[in-house]
Each structure stands twice: as structure tokens, then as C-alpha cells.
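Residue-level structure breakdown
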Amino acid sequence: MSELVEVVHLTKRYLTNAALADISFQLPEGHIMGLLGPNGSGKTTLMKILGGLLYPTSGSVFIDGVQPGIQTKARVSFLPDVNQLNRWMSVGEAGDFFHDFYADFEPQRFEGLLKVMGLRPEQKISSLSKGMIEKARLSLVFARKARLYILDEPFGGLDPLARRQILDALVADFRSDASMLVSTQMVGEVERFFDDVVFLGSGSIVLSGDAEDLRAQRNASIEEIYREVYGHVETRQI
Amino acid sequence: MWKLVRYELRGRRLVSTIGLISMAALTLYLAVRLMELPPYTQGQPDTLVSGAPIIMAWCWILFYLVVTVINIFTYTQDLYGDTGYLVFSLPLTGAAILGSRLVLLVLDTLMTLLGGMASVIILTLLTPGLGSQVAPHVGRFLLTGDYWLMCLGVLTVIVSVMMIMFFGVTFGKTLPSAKKHVSSVASAVLIIAVLLVSARVGIALNQVFAGWKITLEPWSNLAILAGPHAEMEFPLGFPLLFLALGIVSFLRTSWLMDHRLNF
């Protein structure tokens, strides 16, 4: 199995702090990786670098053997943690936009996903609730036949029932030649899909490995391991 | 790039339509008022009858200012706001993204220029007593090469100044600071500095090349309206300087987008 993502000694510094410090990991093809950590641990920074939206201070990143740039943007389907869609667009127009710019966008798949999500193409983005916008964004991202899916806090606006249904639908259809990197605070609900996990803390990797191995080694679920790893941080924040 | 232009135009269709309908309605209103007024006489003090075309010209300038602010706001929103994820995640080069903004700027400027000219000419022709005097000159004026070259020069300066602004805003976004206000201040300082230096260099160049007479006479065929201003010359030095600055700003901004953007 080949490595789709390779991150080597990656560092991202701002003027006064290091958002990421010497991060290294690999994501094999066909794997779903959970990127976990409290707020400010560097998850979004790492995802932006992989998405080609942020440039690293040092170290290197390879997606399918290529450094992030125009080439990788055509292969990476990125879901940011905020609503990136223009408010004037309708759901259908957003689909047309993706279809125009991404060669791997599949309109029929998009239509199918909209049906699963209970959305109609003529609905305006400005008229949708937070949860509905989240569904539209997920439909757009997964209507692409991308090599890598990067999802930054993807299920925030969804109710638990919709979350479960959508997750099951998306993962059941997941291709073996693609990989997914997901950051989420809803560890308990999503962890059953993780093949690998990376725990970030203050810009560094605190713990990483095969999800099943970690569960077996510690005799605990990923959510319990999360509490164990970050418990002191959460207590201090309170 | 053209697809992006199409989407930007689609996003602004409502605002553009409202703006253009308002300007057309204002032209129509002034035209109706003009037709009810007594004829214009030479040397008449400023009244609606003598000033309607000028009022309309100022309204178009105001219209253009609003359009320009919308352009800057949209660009800044894309760099600093959430919609930027949509634009900068696209597999497009910085030059293509910036090029789409450039095309929009040119379209806006042409729309304002042609709309403004049409309004002013219509109102002038409808002004009682003035229309009959001006009408024979309109055709010749519209064929004045220097006038159109001046329009091209003005377009170049405006678009280049906007490119310098885009460069400043983009530069702010490439700084190694996560703080938005630091980027904003840096952008503003850079834009002001570039514009000030450009103005000084432009004046200096005009003096250096004073003997070359690189000027236009755009009003030479409209002596009836321009009067003593008919001989007023338009210096070509500034548009040429700004053309160079615009090209440098475009190249530098697209490079920053491709290599240094800190989204």
C-alpha cells in the first residue's frame, strides 16, 4: 500500500509562536485518519498546508508525490471549518461552480448526495440553516472523485441522527484509492471509521498510530485515549 | 479565468442591475426636467439647464467610486473572509485569479465610461438652446483620437492603482503574522507608500521629459463647450508610468498568491 500523504519535519511559525513544530507522519492510500486535538493544537493549520492554502516555514509535504500547489488542489477535496460558499449562490449553482473548476466533480453523484441530504438544487445558500449548509458543503466535497479528502470539523452543524446517516452513507461509498483526513471534536461518534489517528498538542504530535493498535495497547476507545491525553489540558482550561 | 469572471458577474448581477437602472432613471428624470425649462443662453449662471450634463457626469463618477469600493471589498473579503476558501482552493494560478479581477475592473470602467458618455451626450443634446449648437460637433468629437487615447490612459491609471491596492492587500496576507489588523496596517502603509512614490516619480519624469511634449489634446474638437479649456493638454507620462507599475504589481501579486499566501 503506497503513502498518499507524506509529511516530513513540517514546521509553521508565525511571528510570536509556532503553530506546528517538526511534524512527521504518513497517510496510506485507502485510509481514514483522525486528526485530533484541543482548540489551538494546529489541526486547521496542518489541513490548510495540505490544502495548499498556507505555506510551511520549513519541512516538506507531499500529496501523491507532489508538493501542495495547483496540481494537488485538483486532487484534494477540502472542506474548511467555515462556510466558504457565496450567499448569492443556490445549491445547484454551487454544484455548477465545482463542476466548472474541478475535473473530478461528478454531477450525477452530486444530485444523488443532495437527495440523501434532503436538499434541492434551487435552494439559495442564504436561505439554508447552518445544518443544511453543512449538508450542501459535504455534498459538494464528496461529489468529487478526489484522491484526498480533508475535512475540518465537518459535522458541527448536523443533528446526531443526520450525522450518523450521512457518515454511514459517505464511508460506505469510500473508495480504496482515496484517503481521508478528518479533524473533529466528536471523537466518540466518528472513531469507528478511523484507520489511523494523530493526536496534536501545541503544534506537536503527542501520540499517533494505527487506531486498532492503540485501542488494543491501551485497552480503551480512541475517545477515552483522547481524554487521557488531553485531560490535563481541558482541566487547566476550565 | 473567464469562468471566474462569469461567476463574479453572476454574483453581482443584482447590484449592477439596480445601479444601471438608477443611473438610467436619473438621466431620464433630468431629460424630462430639461425639456420643460427655458432655453440655455451663453454665460448663463449655473442652473439646472446649464448644469444637467455636469450633474450627470458627477453622478457617474460617484457610481464608479461605489463600484470600485465593491471591487476592493470583494477582493479583501476573498483574502481575509470565508469565501476565500472557495477561490483559493481552486486549481488556478494566482495570475488567473488576479486576471479575473483585472477583467472585471476593465469591464466596470468601460461600462461607466460608455454609460457616462451616453448620459452626458443625451442631456447635452436635449438641453434647450444648447443641443442645436452642440449637435453638429458630436460626431467629430467622438472621432477624436486623442479623446479615446485619453480615456485609455485614464483606464490604465485607474486599473493600475487598483492593482497596486490588490498588491498591498495581498502582501499583508503573506506576512508571518496571524493577526488580521497587522496585515491590514501593513497593506495600507504599503499602498500609501507606493502611491506617494509613484506620484513623485511621475512629476519628476514629466519635468525630465518636458521637452518631448508627450501630451494629448482631447478637447480640440469640442471648442464650443470647452471654451478656454479646449487647448487643455493631457499628459501621457503618468499613464505610461502607471502602466509599468500596474504590470509589476500584477506579476508580483500573482507570484505572492502562488508562493507565499498565508490563508
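Preceding this section is the structure that the text describes.
Since the model is a prediction, treat every value here as computed from it, not as a measurement.

So, about the overall build of chain B. Tallying secondary structure elements over chain B gives ten helices and two strands in all. Each helix (α) and strand (β) of chain B, taken in turn from the N terminus, gives the series α-α-α-α-α-α-α-α-β-α-β-α. The 263 residues of chain B split such that 43% are buried. Counting only contacts in chain B whose residues sit at least 6 apart along the sequence, the fraction spanning at least 24 positions is 76%. Total accessible area computed for chain B in this model is approximately 13,400 Å², and 75% of it derives from carbon and sulfur atoms.

Turning our attention to the overall build of chain A. In terms of regular secondary structure, chain A is built from nine helices and nine strands. Its C-alpha radius of gyration of 18 Å places chain A within 12% of the 18 Å reference for a compact globule of 238 residues. Overall, the C-alpha framework of chain A stretches about 45 × 40 × 35 Å when taken along its three principal axes. Counting only residues that meet the buried cut, chain A has 55% of its 238 residues in that class. Sequence separation of 24 or more characterises 68% of the internal contacts of chain A that already satisfy a separation of 6 or more. When the accessible area of chain A is evaluated, it comes to approximately 10,100 Å², of which 48% is carbon and sulfur surface.

Let us now look at the packing of helix H7 (residues 145-174) of chain B against helix H10 (residues 237-259) of chain B. All names here are of chain B. Packing of H7 against H10 leaves a shortest axis separation of 8 Å and a crossing angle of 30°. Taken together, H7 and H10 sit at an angle that is classed as roughly parallel. The chirality of how H7 crosses H10 is left-handed. Taken together, the residues of H10 that come into contact with H7 (itself represented by Gly 153, Thr 156, Val 157, Ser 160, Val 161, Met 163, Ile 164, Phe 166, Phe 167, Thr 170, Phe 171 and Thr 174) are Phe 238, Pro 239, Phe 242, Leu 243, Leu 245, Gly 246, Ser 249, Phe 250, Arg 252, Thr 253, Leu 256 and Met 257. Class assignment for the residues of the contact of H7 with H10 results in 15 nonpolar, eight polar and one charged.

All names here are of chain A. Locating Asp 196 in the fold gives a position in strand S8 (residues 196-201). In terms of polar contacts, Asp 196 uses its side chain to reach the side chain of His 31, at 2.5 Å. Once you skip the residues sitting within four places of it in the chain, Asp 196 turns out to touch Leu 27, Pro 28, His 31, Ile 32, Met 33, Gly 34, Gly 209, Asp 210 and Ala 211.

A few words now on the packing of helix H5 (residues 94-126) of chain B against H7(B). Each pair of packed helices can be summarised by the angle the axes make with each other and by the distance between the axes. Residues and elements named next belong to chain B. Remark: H5 packs on H7, axes separated minimally by 10 Å, with the N-to-C direction vectors making an angle of 140°. Between H5 and H7, the interaxial angle falls into the category oblique. H7 is crossed by H5, and the crossing has right-handed handedness. Two secondary-structure elements touch here, H5 through Leu 98, Arg 101, Leu 102, Leu 105, Val 106, Thr 109, Leu 113 and Met 117 and H7 through Tyr 147, Trp 148, Cys 151, Leu 155, Ile 158, Val 159, Met 162, Met 163 and Phe 166. Looking at the contact of H5 with H7 residue by residue, the class counts come to 15 nonpolar, one polar and one charged.

Residues and elements named next belong to chain A. Reading across the sheet, the three strands line up as S2-S1-S4 and stay open at both edges, with antiparallel pairing between neighbours. Edge strands, defined here as strands with exactly one partner in the open sheet, are strand S2 (18-28) and strand S4 (58-63). Across the sheet, the mean angle from the axis of one strand to that of its neighbour is 15°, orientation sign disregarded. Pairing of strand S1 (residues 3-13) with S4, which is carried by five bridges, proceeds in the antiparallel orientation. Of the residues in S4, the one forming a bridge with Glu 6 is Phe 62. Sheet contacts for helix H1 (residues 43-50): S1, S2 and S4; angle to S1, the most-contacted strand, approximately 120°.

With that settled, consider the interface of chain A and chain B. Of the residues lining the interface, 28 residues belong to chain A; the matching set on chain B comes to 27 residues. Counting each side, the surface lost to burial between chain A and chain B is near 2,700 Å², with a carbon and sulfur contribution of 63%. Across the contact surface, chain A and chain B share three salt bridges. Here Arg10(B) makes a salt bridge to Glu93(A), at a shortest N to O gap of 3.4 Å. Joining chain A to chain B, the criterion identifies twelve residue pairs in polar contact (both at pLDDT 80 or more).

Before going further, it helps to spend a moment on the pattern of salt bridges. Residues and elements named next belong to chain A. All chains considered together, the criterion is met by 20 salt bridges over all chains. Between Glu 122 and Arg 120 there is a salt bridge whose closest N-O contact spans 3.0 Å. In this structure Arg 120 comes out as partly exposed when scored by relative accessible area, which is 46%. For Asp 177, the salt bridge identified is with Arg 175, shortest N-O distance 2.9 Å. By relative accessible area, which is 32% here, Asp 177 ends up partly exposed. Within this structure, Glu 29, Asp 64, Arg 75 and Arg 147 form a network of salt bridges that share partners.

On to a nonpolar patch on the surface. Residues and elements named next belong to chain B. Residues Val 197, Val 201, Leu 205, Val 208, Phe 209, Trp 212, Ile 214, Leu 240, Leu 243, Ile 247 and Leu 251 make up a contiguous nonpolar surface patch of roughly 1,000 Å² in combined accessible area. Mapped onto the nonpolar patch, the elements with two or more residues apiece are helix H8 (180-208) and H10. The residue Leu 251 is located in helix H10 in this model. The exposure class of Leu 251 is exposed, given its relative accessible area of 54%.

The next point concerns the packing of aromatic side chains. Taken as a whole and assessed by the stated rule, the structure comprises 17 aromatic pairs over all chains. With a centroid separation of 6.2 Å and 50° between ring planes, the pair formed by Phe101(A) and Tyr7(B) is classed as tilted. In this pair, Phe101(A) sits in helix H3 (residues 91-101) while Tyr7(B) sits in helix H1 (residues 2-11), so the two residues belong to two different chains. You'll find Phe101(A) and Tyr7(B) in the same group, each marked buried. Taken together, the aromatic side chains of Phe97(A), Phe98(A), Phe101(A), Tyr102(A), Phe105(A), Phe110(A) and Tyr7(B) make up a single cluster linked through ring pairs.

Judged by nonpolar contacts, the single largest core of 108 residues is most densely connected at Leu50(A), Phe97(A), Leu138(A), Phe142(A), Phe199(A) and Phe88(B). In contact with Phe88(B), not counting residues within four places along its chain, are Leu53(A), Lys73(A), Asp78(B), Leu79(B), Ile97(B), Met257(B), Leu261(B) and Phe263(B). Residues Met23(B), Leu34(B), Ala52(B) and Val67(B) belong to the second largest nonpolar core, which totals ten residues.

Moving on, we get to the pairing of strand S9 (residues 204-210) of chain A. Residue and element names in this part refer to chain A. Here S8 pairs with S9 via six bridges, running antiparallel. Bridge pairing links Leu 200 to Ile 205 in S9. Counting the residues that bridge the hairpin from S8 to S9 gives two residues, and of these Ser 202 lies at a positive phi of roughly 50°.

Here we take up the environment of Gln108(A). Note that Gln108(A) resides in helix H4 (residues 107-117). Along the sequence, Gln108(A) and Ala143(A) sit 35 residues apart, while their C-alpha atoms lie 8.2 Å from each other.

Rules used in this analysis
Throughout, residues of each chain are indexed from 1 in the direction in which the sequence is written. Following the order in which they are written, the chains are lettered starting with A and the ligands numbered starting with 1. Where local features are concerned, this predicted model is filtered to residues with pLDDT of at least 70; where side-chain atom pairs are given and counted, the filter is 80 or more; whole-chain, interface and lining totals use all residues. Think of the side-chain values as coming from all heavy atoms in the structure, minus any hydrogens and water. What counts as a helix is a DSSP run of H or I of at least four residues, what counts as a strand is a run of E of at least two, and both are numbered from the N terminus. For each residue, the accessible area found with a 1.4 Å probe, counting protein chains only, is set against the maximum for its type, and the residue is called buried under 20%, exposed over 50%, and partly exposed in between. Contacts are assigned to residue pairs that have any heavy atoms within 4.5 Å of one another. Note that accessible areas follow from Shrake-Rupley with a 1.4 Å probe, and for residues the cover is restricted to the protein chains shown. C-alpha atoms define the radius of gyration in this analysis, and the globule rule sets the expected value at 2.2 Å times the number of residues to the power 0.38. With axes taken as lines fitted to C-alpha atoms, and helix axes fitted only over the stretch in contact, angles between N-to-C directions fall between 0 and 180 degrees. Orientation categories follow fixed angle ranges, with anything under 35 degrees roughly parallel, anything over 145 roughly antiparallel, 65 to 115 roughly perpendicular, and all other angles oblique. Here a crossing is taken to be left-handed if its near helix is turned anticlockwise relative to the far helix by less than a right angle, and right-handed if that turn runs clockwise. Residues are grouped as follows: Ala, Val, Leu, Ile, Met, Phe, Trp, Tyr, Cys and Pro are nonpolar; Asp, Glu, Lys and Arg are charged; all remaining types, including Gly, are polar. By the criterion applied in these results, polar contacts are pairs of N or O atoms within 3.5 Å in which, for protein atoms, one can donate a hydrogen and the other can accept it, and in which residues neighboring in sequence qualify only through two side-chain atoms. Only strands that DSSP links by at least two bridges are regarded as paired with each other. Buried area is understood as the total, over both parts, of accessible area removed when two parts are fitted together, assessed with a 1.4 Å probe. Here a salt bridge means any side-chain nitrogen of Lys or Arg lying within 4 Å of a carboxyl oxygen belonging to Asp or Glu. Only residues above 30% relative accessible area that lack a salt bridge enter a patch, with like-charged residues linked at up to 9 Å and the nonpolar side chains Val, Leu, Ile, Met, Phe, Trp and Tyr linked at up to 5 Å. Only rings of Phe, Tyr and Trp enter the pairing, Trp through its six-membered ring, and a pair is recorded when the two centres are within 6.5 Å. The plane angle decides the type: under 30 degrees is stacked, over 60 is edge-to-face, the rest tilted. Note on terminology: a nonpolar core comprises buried Ala, Val, Leu, Ile, Met, Phe, Trp, Tyr and Cys residues joined through side-chain atoms within 4.5 Å.

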